[in-house]
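# Architecture and fold: a report
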Amino acid sequence: MSARQFETYRGFVYPWCIDHVGHMNVQSYVARFDEASWHFLARIGLTPSFLAAQNRGLVALDQRIQYRREVLPGSLLDVATELIELGHKTLRYLHRMRNSETADEVASMELLVGYLDKTARRTTPLPDVVAARARAVLAAESS
């Protein structure tokens, strides 16, 4: 893991996460990346309770997954996440999933998310406190 990334997920691949060809199914990759997203977002202040109190949410605007290696049942996995870009209403970040035993990268997901006003159903500017925390993460990553 590079200095630009921090751990956002750690888990185990159970047999019920396996598809018809014997490796982890797509749904299980996405679920793990989703859990990692919540830990990443909490780090910059976008916790579930904050979003609920503000009547805000997050919406995926673009999501790209790359599968690099098979993940088999019984694998230990971890995800490290880094913020790539801070926009006025958006965040772009990258998850890297690794096999915890071998340190091989098995998949990655890049996401662009928008900060959503749930009443207006439109993206809205990120709160100042969140933008400041995100800028601090970017500054720490680049030093």
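Check the entry above for the structure.
Presented here is an overview of the structure given in this document. (Residues numbered from 1 in each chain as written. Predicted model: local features only at pLDDT ≥ 70, side-chain atom pairs only at ≥ 80, totals over all residues. Heavy atoms only, no water.)

## A look at the pattern of salt bridges
Let me state the cut-off plainly: The salt bridge definition used is simple: a Lys or Arg side-chain nitrogen within 4 Å of an Asp or Glu carboxyl oxygen. Each residue is assigned to one of three classes by its accessible area relative to the maximum for its type, calculated with a 1.4 Å probe on protein chains only: buried under 20%, partly exposed between the two thresholds, exposed over 50%. Secondary structure follows DSSP: runs of H or I at least 4 residues long count as helices, runs of E at least 2 residues long count as strands, and numbering of each begins at the N terminus.
One pass over the structure, following the stated rule, counts 10 salt bridges. For Arg-64, the salt bridge goes to Asp-62, with nearest N and O atoms at 2.7 Å. Its relative accessible area of 25% is what places Asp-62 among the partly exposed residues. Where Arg-96 meets Glu-82, a salt bridge forms, and the shortest distance between an N and an O atom there is 4.0 Å. Residue Arg-96 is found in strand S4 (residues 90-99), and its partner Glu-82 is found in strand S3 (residues 76-86); the two are separated by 14 residues along the sequence. Judged by relative accessible area, which is 26%, Arg-96 ranks as partly exposed. The exposure class of Glu-82 is buried, given its relative accessible area of 9%. Within the structure, one salt-bridge network assembled from shared partners comprises Arg-68, Glu-82, Arg-96 and Glu-105.

## Quick look at the pairing of strand S5 (residues 105-117)
Convention followed: Note on pairing: two strands pair once DSSP finds at least 2 bridges between them.
Taking burial as the measure, the 13 residues of S5 include 11 buried ones, the bulk of the element. As judged from the 9 bridges shared by S4 and S5, these two strands associate in the antiparallel manner. Residue pairing across strands places Thr-90 opposite Gly-114, the latter belonging to S5. Between S4 and S5, which follow one another and run antiparallel, lie 5 residues, and Ala-103 among them has a positive phi close to 70 degrees. Judged from the 2 bridges that link them, S5 and strand S6 (residues 122-123) form a sheet pairing that is antiparallel. The residue of S6 that forms the bridge with Asp-117 is Arg-122. The antiparallel hairpin formed by S5 and S6 contains 4 residues in its connecting segment, where Arg-121 sits at a positive phi of about 60 degrees.

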